[in-house]
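Structural features, examined
One-letter residues, chain by chain:
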Amino acid sequence: MYDFKPDPALDAPERYRQLCGAAEALTTDEPDAVANMANVAALLWEFVPDLNWAGFYRIGASKSGGEELILGPFVGRPACIRIPLGAGVCGAAAESGETQLVEDVHAFPGHIACDAASRSELVVPVVREGRVVAVIDLDSPEPARFTREDAAGLERLAGILADRI
Ligand code: SME
């Protein structure tokens, strides 16, 4: 049995240090991408307070022959399955290769509302050999929930997962 319950009193850097350690331990030597994303989505849900959605979108083939984001393992309400590159917060992260820290999703042009409760969002690309292969997406019902510390923690996590998902 794994027991990765964080202490609620942890500050953000220590919280992400422990989260990354748990993700490293759970995914090392495991080649199955879905299993690794499923466990990391569960860890995000345990370690990051005030979320209503935590999970993955991976780059995959679109029905018209190009590429788009396709829903991966997550915790939260059922979500949009396919997101075109460049669309919404996730599509912006995937297209630009840059972290998107959005304090107010209602002010983000093209934001895709999968859960009407979402007010702020953090999306970090996962880059393998110079190409975005997935994004990690966190949503919160609280406005301006995410900080640069959250972004830095998720970027470290993305680095750990780059060749494991
Ligand atoms: N809000 C995202 C869509 C994904 S859901 O939040 C799970 C976006 O604008 O890309």
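Further up the page is the structure itself.
Figured I'd write up the structure that's included with this text. Along each chain, residues carry numbers from 1 onward, in the same order as the chain's sequence is written. For a predicted model such as this one, the threshold for reporting local features is a pLDDT of at least 70, and the threshold for listing and counting side-chain atom pairs is 80 or more; totals across whole chains, interfaces and linings nevertheless cover every residue. Derived side-chain values reflect all non-hydrogen atoms in the structure, with water molecules and hydrogen atoms excluded from consideration.

On to the site of the ligand, then. Every one of the 13 residues lining the ligand counts as a neighbour, but Val89, Cys90, Ile112, Glu121 and Asp139 are closest to it. Glu121 is positioned such that a nitrogen or oxygen atom in its side chain is 3.0 Å from a nitrogen atom of the ligand. Isolated, the ligand exposes 300 Å² of accessible area, and the fraction of that covered by the protein chains is 99%. For the shell around the ligand, the elements supplying multiple residues, two or more each, are strand E1 (53–61), helix H3 (88–96) and strand E6 (131–140). Elements are defined by DSSP. Helices are runs of H or I of four residues or more, strands are runs of E of two residues or more, and each kind is numbered from the N terminus. The greatest single-element share of the shell around the ligand, amounting to three residues, is contributed by H3. Ten residues, namely Ala, Val, Leu, Ile, Met, Phe, Trp, Tyr, Cys and Pro, are considered nonpolar, four, namely Asp, Glu, Lys and Arg, are considered charged, and the remaining ones, Gly among them, are considered polar. A class-by-class count of the residues in the shell around the ligand yields eight nonpolar, two polar and three charged. We call a residue near a molecule or strand when any one of its heavy atoms sits within 4 Å of it. Pairs of N or O atoms are called polar contacts if they sit within 3.5 Å, as long as, within protein, a hydrogen donor faces a hydrogen acceptor (for residues adjacent in sequence, only side-chain-to-side-chain pairs). Only the protein chains shown count as cover for residues, and the accessible areas themselves come from Shrake-Rupley with a 1.4 Å probe.

Moving on: the packing of helix H1 (residues 12–27) against helix H4 (residues 148–161). Contact geometry for H1 and H4: axes closest at 10 Å, N-to-C directions at 15°. Here H1 is positioned roughly parallel relative to H4, judged by the angle of their axes. In this structure, H1 crosses over H4, and the sense of that crossing is right-handed. Taken together, the residues of H4 that come into contact with H1 (itself represented by Ala12, Pro13, Tyr16, Arg17, Cys20, Ala23, Glu24 and Thr27) are Glu149, Asp150, Gly153, Leu154, Arg156, Leu157, Ile160 and Leu161. Looking at the contact of H1 with H4 residue by residue, the classes come out as nine nonpolar, two polar and five charged. All axes here are fitted lines through C-alpha atoms, helices being fitted over the stretch that makes contact, and every angle between N-to-C directions spans 0 to 180 degrees. We call two directions roughly parallel when the angle between them is under 35 degrees, roughly antiparallel when it is over 145, roughly perpendicular when it lies between 65 and 115, and oblique otherwise. The sense of a crossing depends on the near helix, which, turned anticlockwise from the far helix by less than a right angle, makes the crossing left-handed and, turned clockwise, makes it right-handed. When checking whether two residues touch, look at their non-hydrogen atoms; a contact exists if any pair is within 4.5 Å.

These results come straight from atomic positions and should not be treated as a statement about function.
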